[in-house]
Amino acid sequence: MNWDPWIPLLVVASSLLPGLLIFGLAEERIRLRTVLNLVGAVVKLGLVGLMLWGIYHEHHYETRLALLPDLELVLRAGPLALLFVTLSAGLWLVTTVYAIGYLEGSPHRSRFFGFFSLCVTATVGVALAGNLITFLLFYELLTLSTYPLVVHRGTQAARRAGQTYLIYTFFGGALLLLGTVWLYSLTGTLEFTPRGFIAGLETEHRSALIIIFFLLVAGLGVKAALFPFHGWLPQAMVAPAPVSALLHAVAVVKAGAFGIVRVVYDVFGVETAAALGVTAPLAALAAFTIIYGSLRALFQDDLKRRLAFSTISQVSYIALGVAIAGPIATIGGVVHLVHQGLMKITLFFCAGNLAETLGIHKISEMNGVGRRMPWTMAAFTVGAFGMIGAPPVAGFISKWYLGLGALEADQGWVLFVLAGSSLLNAMYFLPILHRAWFRDPPDAWPVDHHFGRKETAWALLLPPLVTAVMALGVALLASYPFSPLEWAMLIAEREFYRP
Amino acid sequence: MSEKIYAITLLFVVLWPLFLAVPMLRARLPWPRHLAIIPAAVLTLIFQDVSLDLDWLLLGTRFAIDANARWILTMSVAIWLTAATVNPVSNRATTFFLLTMAGNLGAVLAADLVGFFCFSTIMGYGFYGLLIQGGNMAVRRSGRLYIIFLVAADLALFEALLLAAFATEDLRFVSVQQAMAGSATTSLYFWMALTAFVLRAGIWPFHLWLTSLFKSASLSICLLLVGVPVAMGLVGALRWLPLGLSASVGPGLVILIIGITAIMYAVLRLVSRSTLRMLPGWSTVAATGLFIAALGVGLIQPAVWLQYAYLQYPLLAGMGILLAVMTLIVGRSQDRHSDDDPAMDRVEALSREVAQRGGVMLRWSQNRLHQIRCFWLALWLKTVQQASVVIDRLRTVNVVSQWTASITVFVLIGLALAWLAR
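Residues numbered from 1 in each chain as written. Chains lettered and ligands numbered in written order. Predicted model: local features only at pLDDT ≥ 70, side-chain atom pairs only at ≥ 80, totals over all residues.

The number of helices and strands found in chain B is 18 helices and 2 strands. Counting contacts in chain B only where the partners sit at least 6 residues apart, residues at least 24 apart contribute 77% of the total. (Helix = DSSP H or I, 4+ residues; strand = E, 2+ residues; numbered from the N terminus. Contact = placed C-beta atoms within 7 Å.)

Residue and element names in this part refer to chain A. Relative to strand 2 (residues 71-77), strand 1 (residues 61-68) runs antiparallel, the two being bridged by 7 bridges. Bridge pairing in strand 2 places alanine 66 opposite glutamate 72. What sits between strand 1 and strand 2 in their antiparallel hairpin is a turn of 2 residues, with aspartate 70 showing a positive phi close to 70°. (Pairing = 2+ DSSP bridges.)

Contact with chain A, which involves 21 residues of that partner, is made by 20 residues of chain B. Considering only residue class, the side of chain A that touches chain B consists of 18 nonpolar, 3 polar and no charged. (Nonpolar A, V, L, I, M, F, W, Y, C, P; charged D, E, K, R; others polar.)

For the rest of this paragraph, the subject is the nonpolar core. Residues A:Leu83, A:Ala319, A:Leu320, B:Leu109, B:Ala164 and B:Ala193 are the most contacted members of the largest nonpolar core, which totals 336 residues. Counting residues per element, this core draws most heavily on helix 7 (residues 137-167) of chain B, at 19 residues. Each residue touching A:Ala319, except ones within four places of it in the same chain, is listed here: A:Ala224, A:Leu226, A:Ala257, A:Ile260, A:Leu282 and A:Ala286. (Core = buried A, V, L, I, M, F, W, Y, C linked by C-beta atoms within 7 Å. Buried ≥ 20, exposed ≤ 12 C-beta atoms within 10 Å, placed from the backbone.)

Residues and elements named next belong to chain A. Look at helix 5 (residues 132-150) against helix 10 (residues 252-268): their axes get within 11 Å of each other, and the N-to-C directions meet at 170°. As the angle between them shows, helix 5 and helix 10 are arranged roughly antiparallel. In contact with Leu132, Phe135, Tyr139, Leu142 and Thr146 of helix 5, helix 10 contributes Val252, Ala255, Gly259, Arg262 and Val267. Of the residues in the contact of helix 5 with helix 10, the class split is 7 nonpolar, 2 polar and 1 charged. (Axes fitted to C-alpha atoms, helices over the stretch in contact; angles between N-to-C directions. Parallel < 35°, antiparallel > 145°, perpendicular 65-115°, else oblique.)

Structural remark: α-helix, 3.6 residues per turn; residues separated by three or four positions point the same way. Residues and elements named next belong to chain A. Look at helix 14 (residues 327-358): 46 Å from first C-alpha to last across 32 residues, which is about the 46 Å you get at 1.5 Å a residue. The sharpest bend along helix 14 measures roughly 35° and falls at histidine 336. The element helix 14 is extensively covered by neighbouring structure, given that 30 of its 32 residues are classed as buried. Note on helix 14: the residue one or two positions beyond its end, glycine 359, has a positive phi of about 70°. (Expected span 1.5 Å × (residues − 1). Bend = angle between axes of the 7 residues up to and from the residue.)

Turning our eyes to something else, we now look at the environment of A:Ala283. Following the sequence through the fold, A:Ala283 ends up in helix 12 (residues 279-298). The residues touching A:Ala283, leaving out its near neighbours within four places in the chain, are A:Leu320, A:Ala323 and A:Ile324.

This part covers unusual backbone geometry. With an omega of 0°, the peptide bond running from A:Pro391 to A:Pro392 counts as cis. Among the secondary structure elements, A:Pro392 is positioned in the loop between helix 16 (374-388) and helix 17 (394-408). The amide bond that connects B:Trp204 to the next residue, B:Pro205, takes the cis arrangement and shows omega of 10°. Residue A:Ala225 is not a glycine yet carries a positive backbone phi of 60°. In this fold, A:Ala225 is placed in the loop between helix 7 (206-223) and helix 8 (232-235). Its 30 C-beta neighbours within 10 Å are what place A:Ala225 among the buried residues. The residue B:Trp31 is not glycine, and still its phi comes out positive at about 50°. With respect to the helices and strands, the residue B:Trp31 is situated in the loop between helix 2 (23-26) and helix 3 (32-44).

Here it is, written out as structure tokens:
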């Protein structure tokens, strides 16, 4: 029997089924819940590994299920889809380990892990979606599954943040739906196609297509936290650290950015989008968001809030890379999908460790914390330098390709945006590192949980160390086959710029 | 076979200090700072050109050692060994010490732009950690200035790197120099890279952090100032800039003037505030000024630059070692006598005595030259004597210290006018 058509569905199911089972578990069934979580994550990772090998050797994985007359639920694993799936599956495993340690002893863990699994299911669905309607379905499922995670703590601030999150994302979803329906009425298809499926319509429906493009980008821009749709993200940082990590690095903002890549390349096609004149405003908006996010980050004392504004800035690199509309910049944008994920998840894990172990939430409380938690701060340092774009961390590779791509596309102004952003990143990350490593620690920390000779619990310490090593590894081994960079090149070659 | 071993040694030179930088891994090792430099010291003794291409590392990185790199490596080994010996440092500072060392050695051995950029970045930030760790308030203030310049330099260098990568796929130094000499973005690349190295090396007018660190930092830091940011800034300029390939008189002139200004400024500051402690600092500023002036000449007259190309690295290494020796001697005497120690007055008195005796000698020589009717030489000696009297008077009235910048600008205008009149 040929299993290839079912593998994409199995990948989705590998987190959906454990999630549904976990919902039914009693709170005290800790071991079974942990086993379900980890088995699901490992199985998903195994299946993704299998698909990676297959796609590299030009195998074809596609699941089609009838949804409505003329509309199918399509799950297809192409190189781009697999890049995002690999990121989600890999970081889900790490985040699960972290969440198990982070939530130890706290209430409503079955609910949390149930929605956690659903969230990853939706993300993987978004990644594997073979048409716009499948994308839309999983995109909305993502909204619904992340809301309970944002409000998990049940505090007033959490509820308010959840409300804001819902308002923004439903608004975005509505725009996306409107754009999708309008597009379907013009084209009669929503199937993602290399180089887009609207070629030939641009003269007849030029204005409509331009409006549809901006409807889709605005709908996706809410989750991608593009200015001016970013307001929900800094508020959502009241969620527990594993959720923040998931929102910022794996699921929500990435789904938005990934959607923008899909719209530009597989719905409109980059040449058609450029001919319609919509890539230049997108590039300008992304550039503005990059600088705006960094400027806002500069003035935050709350660590997670600073990281949230940093995400707003960093995720727009992806949109910028796509909007520059050239193969090299696309590689930079697409690879940043992975690189930003690794660096940002490291930073959020570290922020969680500081909060859980020492009760540190503010940057002004971080004096000398490097002495008390050297490994956590070492991981944080790697993430921070990556964000600045310093070698040999992942961010350097992204900025390298974005910069080169800008020169190739004759858009030298992007270099100034990159330089300005790096400068601002340095301005808001280096003072944190200075405080943590070189200032004297206070006489007492806000709280001080002791874990024997370790600085914190293993489940909290290992995930940031692993992701920090990965953030270094993907840069140091950037030229290796199967590295995110090589994979992004494969994507550009096979999907976006195949003659 | 031996070539392979040498090639692996190249990698080991960088990896070994990086490995030892992790506190846990060096916990049971005695003298980790000395141990870390051993592979590099061994490499200086292997008189064979070796290279190692690591296509899988970063965007493709190459390490190589040739006669030029060996000069710089020898200087670096000498400075690191001395720095490791002169001051004991804490366990935490040792981490930064070794990180900086790894970055420094990596930058020396890097044969391409990406490798150099990567290792010099590690070196730069590691050195900041080393500075700040255990430094007093003055050191921290200078460190702040240093890191601002470092970030700005890294940004400029990254932009230059992008321009180079856009012009050529082969990012080895020689290829980039060739490609950039004929590129449409040569001018932008040149100024970006030059600005970066001027900032990194603390060349005038961005020397403030450098001189204030010479004033306030420990001896090992002062030694490393010469060997790490300054030397690598100058080495970077030699390797990155397309020199000796085509003439560009305008930029060359600007650079020449900057170089001369730096020398003049440093000399004036030296004679006006002659605390012994500042001698290496201002000498370093003067030396970097000399280098920049030579760069300017090389731009105006590429043939001259090529003619003396073989001297660049030996001179640079020699200059570095001389400055390090000066720093060491001054630092040792400082260790023995603090600034307010009467012994320091003795040092001052000694230098004045030497100057007075020198004056007597000059007058005697002048008379003798008159007697043997060698008037031109006598006249020259008289000029020297008068100049030393003027300098001595300036020291007394402290005019130069208050008006150094103005005097420098004034003399510069004079130079510019003389050039125009030519």
